[in-house]
Amino acid sequence: MISRIRLFALLLLAFALTSAACSKTRKDAASTSLSGTRPTIIFMTDFGTSNDAVAICKAVMLGIAPDARIMDLTHQVTPYSIEDASRFLEAVSPYYPAGAVFVAVVDPGVGTSRKPMVVKSKKGQYFVLPDNGLVTPVIDRDGLDSAREITNPNWMIQSAISSTFHGRDIFSPAGAHLAAGWDFNLVGPEIPQLVRLTPRTSTLTDKGISGDIIALDDPFGSLVTDIPGDEFKKLGYNLGDKLRIEINKKSVSLPYVKTFMDAPVGDALLFIDSRDRVSIAVNQGNYSKKFNVEPPGAIFIPRKGAPLTEK
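Just so it is clear, the structure is predicted and the values come from calculations on it, not from any experiment.

### Examining the overall build of the protein
And then number 1: Each helix and strand counted, the protein has seven helices and 14 strands in total.
And then number 2: Looking at the protein as a whole, 44% of its 311 residues qualify as buried.
And then number 3: A separation of at least 24 residues holds for 65% of the contacts in the protein among residues at least 6 apart in sequence.
And then number 4: Accessible area for the protein stands at about 16,500 Å²; split by element, carbon and sulfur atoms hold 56% of it.

Now the structure itself:
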């Protein structure tokens, strides 16, 4: 009788230990999932949200890599604007870890001889996109490990390839296969030379600094320029100074402030934005709509105390 009791106790102990181990395994698995080890795809297009294109691409990705997290960078890139897309990709990619897969479909050359490709940066991130210069700023900052043309049909959608929807047929499946752990080297042949985007840059002279209005910070309508904050600071202005500048050859007066509420509600202001560029805004308003200014455009800021002229 005693031996039976001991046997029963041992069985209960074994069951308890097994249950604890299983519970720990489940907790560890949940912890691993929450810690971000699931593959991540960051998706950007100029498709907008008024049609089904984005949803179709996501369905293709999840069909291949059902465990992947798909994060939307934006689908409101100015249509066909490789420059806008490259600016967003450059700004967002530092906040993701090595192994992240970026699928960027801003592709005015779709269906032509331009190459669909996968780029691996020296940071260990992957960029699935057309060879049209879109990835240039990222590679200039992080370095190029290698780039391969997507030619392997196993990495594409397993049906006829459209001449106008490579986002669905080539880029989405390739990105999903990367997220699923497929070997990057099997995607296709190496590309020895990438197409480069030539970014617009401001010019600093003894008169002042000339630059371009390159984008709007929507939905706020603030003007984004290509003038770096460090270059602007060489002009000698201090916070609180009133500047007279030129926007598209038109003289504009506005204060240099640190943040929006340093100017009265409804007033225009100049500030250095979170990406260290000169920007122009209206406090709780829309500068672009209020003053009918849209990119592309020109801006000139004179040195402090200099006349308002570029010549």
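### Remarks on the packing of aromatic side chains
And then number 1: What the rule picks out here adds up to nine aromatic pairs.
And then number 2: Ring geometry for tyrosine 96 and phenylalanine 102: centres 5.7 Å apart, planes at 85°, overall edge-to-face.
And then number 3: Between phenylalanine 232 and tyrosine 237, the aromatic rings sit 5.9 Å apart at their centres with planes inclined by 10°, giving stacked as the arrangement.
And then number 4: Here a set of aromatic residues connected by ring pairs shows up, and it is made of Tyr96, Phe102 and Phe127.
And then number 5: Arginine 148 extends its terminal NZ or CZ atom over the ring of phenylalanine 184, reaching a point 6.0 Å from the ring centre.

### Considering the nonpolar core
And then number 1: Judged by nonpolar contacts, the single largest core of 27 residues is most densely connected at Ile41, Phe43, Val103, Val118, Val128, Ile150 and Leu178.
And then number 2: Among the secondary structure elements, those contributing two or more residues to this core are β1 (40-45), α2 (53-64), β3 (101-105), β5 (126-130) and α5 (166-179).
And then number 3: In terms of residue count, α5 provides more of this core than any other element does, six residues in total.
And then number 4: For valine 128, the contacting residues outside a window of four places in its chain are Val101, Phe102, Val103, Ala104, Met117, Val118, Ile150, Phe171, Ala174, Gly175 and Leu178.

### Quick notes on the pattern of salt bridges
And then number 1: If you walk through the whole model with that rule in mind, you get nine salt bridges.
And then number 2: With its nearest N and O atoms 2.8 Å apart, the salt bridge here joins lysine 58 to aspartate 72. Of this pair, lysine 58 sits in helix α2 while aspartate 72 sits in strand β2 (residues 69-74), and the two are 14 residues apart along the sequence.
And then number 3: Judged by its relative accessible area of 23%, lysine 58 is partly exposed.

### Section: the packing of α2 against α5
And then number 1: At a minimum axis distance of 8 Å, the contact between α2 and α5 shows a crossing angle of 35°. You can see that α2 and α5 cross each other, and the crossing is right-handed. When α2 is examined against α5, the residues Ile56, Cys57, Val60, Met61 and Ile64 are found in contact with a partner set consisting of Gly167, Arg168, Ser172, Pro173, Ala176 and His177.
And then number 2: For the contact of α2 with α5, the per-class residue count stands at seven nonpolar, three polar and one charged.

### Digging into the sheet that holds β2
And then number 1: With mixed pairing, the six strands of this open sheet are ordered in space as β2-β1-β3-β5-β4-β6. This sheet does not close on itself; its edge strands, each paired only once, are β2 and β6 (144-149). Each neighbouring strand pair of the sheet contributes to a mean axis angle of 20°, computed without reference to strand direction.
And then number 2: In terms of strand pairing, β1 meets β2 through five bridges, oriented parallel. Across the sheet, the residue bridging to isoleucine 42 is methionine 71, located in β2.
And then number 3: Lying on the sheet, helix α3 (residues 82-92) is in contact with β1, β2, β3 and β5; it crosses β2 at an angle near 125°.
And then number 4: Set on the sheet, α5 makes contact with β1, β3, β4 (116-121) and β5; between it and β3 the angle comes to about 175°.

### As for the side chain of serine 86
And then number 1: As for its placement among the helices and strands, serine 86 is situated in helix α3.
And then number 2: Judged by its relative accessible area of 4%, serine 86 falls in the buried class.
And then number 3: With residues up to four places along the chain from it excluded, the contact list for serine 86 reads Leu134, Pro137 and Leu197.

### Brief notes about unusual backbone geometry
Glycine aside, residues mostly have negative phi, and peptide bonds are mostly found in the trans state.
And then number 1: Cis peptide bonds are those with omega within 30 degrees of zero, and the linkage from aspartate 218 to proline 219 qualifies with 10°.
And then number 2: Position of proline 219 relative to the elements: it lies in the loop between β8 (208-217) and β9 (222-228).
And then number 3: Of the consecutive residues proline 295 and proline 296, the connecting peptide bond is found in the cis state with omega at -5°.
And then number 4: One non-glycine residue, asparagine 248, lies in the positive phi region at around 55°.

### Observations regarding the environment of isoleucine 170
And then number 1: Positionally, isoleucine 170 belongs in helix α5.
And then number 2: Looking at isoleucine 170, the relative accessible area reads 4%, which means it is buried.
And then number 3: Taking C-alpha positions, isoleucine 170 is 7.7 Å from isoleucine 150, a pair spaced 20 residues apart along the chain.

### Focus: the confidence of the model for the protein
When pLDDT drops low, the exact placement of atoms in the prediction is not to be read closely.
And then number 1: For the protein, per-residue confidence averages 89 on the pLDDT scale, and residues scoring 70 or more make up 87% of the total.
And then number 2: Taken as a whole, residues 15-36 scores under 50 in pLDDT and shows three contacts with residues more than four places along the chain or in a different chain.

### Some words on the pairing of β3
And then number 1: Burial of β3 is extensive: five of the five residues sit out of reach of the surface.
And then number 2: Alternating residues of β3 divide into Val101, Val103 and Val105 and Phe102 and Ala104, and every residue in both groups is buried.
And then number 3: In terms of strand pairing, β1 meets β3 through five bridges, oriented parallel. Its bridge partner lying in β3, phenylalanine 43 is registered against valine 103.
And then number 4: Strand direction decides the pairing type here: β3 and β5, joined by three bridges, are parallel. Looking at the pairing, valine 101 lines up with tyrosine 126 of β5.

About the cut-offs
Residues numbered from 1 in each chain as written. Predicted model: local features only at pLDDT ≥ 70, side-chain atom pairs only at ≥ 80, totals over all residues. Heavy atoms only, no water. Helix = DSSP H or I, 4+ residues; strand = E, 2+ residues; numbered from the N terminus. Buried < 20%, exposed > 50% of the residue type's maximum accessible area, 1.4 Å probe, protein only. Contact = heavy atoms within 4.5 Å. Areas by Shrake-Rupley, 256 points an atom, 1.4 Å probe, with all protein chains shown as cover. Phe/Tyr/Trp six-rings, centres within 6.5 Å; stacked < 30°, edge-to-face > 60°. Lys NZ or Arg CZ within 6 Å of the ring centre and 35° of its normal. Core = buried A, V, L, I, M, F, W, Y, C linked by side-chain atoms within 4.5 Å. Salt bridge = Lys/Arg side-chain N within 4 Å of Asp/Glu carboxyl O. Axes fitted to C-alpha atoms, helices over the stretch in contact; angles between N-to-C directions. Left-handed = near helix turned anticlockwise from the far one by under 90°. Nonpolar A, V, L, I, M, F, W, Y, C, P; charged D, E, K, R; others polar. Pairing = 2+ DSSP bridges. pLDDT = per-residue confidence, 0-100.

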